[in-house]
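Observations on chain architecture
Listed below are the residues making up each chain.
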Amino acid sequence: MQPLLNIGVLVSGGGSNLQAILDATRTPLLSFARIAVVISNKPGVFALERADRAGVAAVVLEPRAFPSRETYYAAVIRHLEERGVDLVCLAGFLLKLEPNIVTRFKDRILNIHPALLPKHGGKGMYGHFVHESVLRSGDAETGCTVHLVDNEFDHGEIIQQRRVPVDSGDTAEALAARVLKEEHRLYPEAIARYARSSRFRAIVGKDF
Ligand code: GRF
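Let me sum up the structure you'll find in this document.

Some words on unusual backbone geometry
The linkage connecting Leu117 with the following residue, Pro118, adopts the cis geometry, with an omega of 10°. Examined against the element boundaries, Pro118 turns out to sit in the loop between strand E5 (109–113) and helix H5 (128–137). Even without glycine at this site, Asp107 takes up a positive phi of about 60°. One can find Asp107 in the loop between helix H4 (99–104) and E5.

In structure tokens form, the structure reads like this:
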């Protein structure tokens, strides 16, 4: 029997990238994968509704319910491991990870960032701030990046990128929308490619 890639998705907001991954699991690209659990650090976000509609288990874990970030992530780890998660995908998850989860899921956490890293990344570079920074810089192109997560914001090894042109007269909103469209193509593709790499297969001991 073909082994299944169990994905855990961490979200904080609308979850359009979560939706793109969910949709891709119903196509040949990611038919070997399923989303085993969605974890949100915020209640009431639309990503939770998307999980619900897709019949995917969803959990809200709020940091304020825990005495420290470390115990918070210990709970996140527990939920991921209970569901047999092989690969963690951050999809608009706004909290910084702690070393305990980065170590436990070493080389098994991906993030998507709406710019061509290493440009326009780091602390405070999220949402409209990223696209405003691109416009200010005068760059002729931007894009999106899927990278491995380490202990620094937007810093880990780059797995795959896609380029998007910056048009004259672009607003941050227009640019964000154009980049987001590409994110929805890139993330499922990068997940499929990374999951099938010999490096990842050696880590999880499954051959997809
Ligand atoms: C995306 O732009 C992603 O690159 C960034 O956060 C945004 C999340 O959007 N990390 P969504 O919640 O997936 O719609």
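Past the structure itself, the notes keep going.
With respect to the site of the ligand
All residues adjacent to the ligand are Gly14, Gly15, Ser16, Asn17, Gly92, Ile112, His113, Pro114, Leu180 and Glu183. For the ligand, an oxygen atom lies 2.8 Å from a polar atom in the backbone of Gly15. In the model, an oxygen atom of the ligand is placed 2.5 Å from a nitrogen or oxygen of the Ser16 side chain. Contact with the protein chains covers 78% of the free accessible surface of the ligand, which is 370 Å². When residues of the shell around the ligand are traced back to their parent elements, those giving at least two are helix H1 (16–24), E5 and helix H6 (172–195). Counted by class, the shell around the ligand contains 3 nonpolar, 6 polar and 1 charged residues.

What counts, and at which threshold
Residues numbered from 1 in each chain as written. Predicted model: local features only at pLDDT ≥ 70, side-chain atom pairs only at ≥ 80, totals over all residues. Heavy atoms only, no water. Helix = DSSP H or I, 4+ residues; strand = E, 2+ residues; numbered from the N terminus. Near = heavy atom within 4 Å. Polar contact = N/O pair within 3.5 Å; in protein donor to acceptor, adjacent residues only side chain to side chain. Areas by Shrake-Rupley, 256 points an atom, 1.4 Å probe, with all protein chains shown as cover. Nonpolar A, V, L, I, M, F, W, Y, C, P; charged D, E, K, R; others polar.

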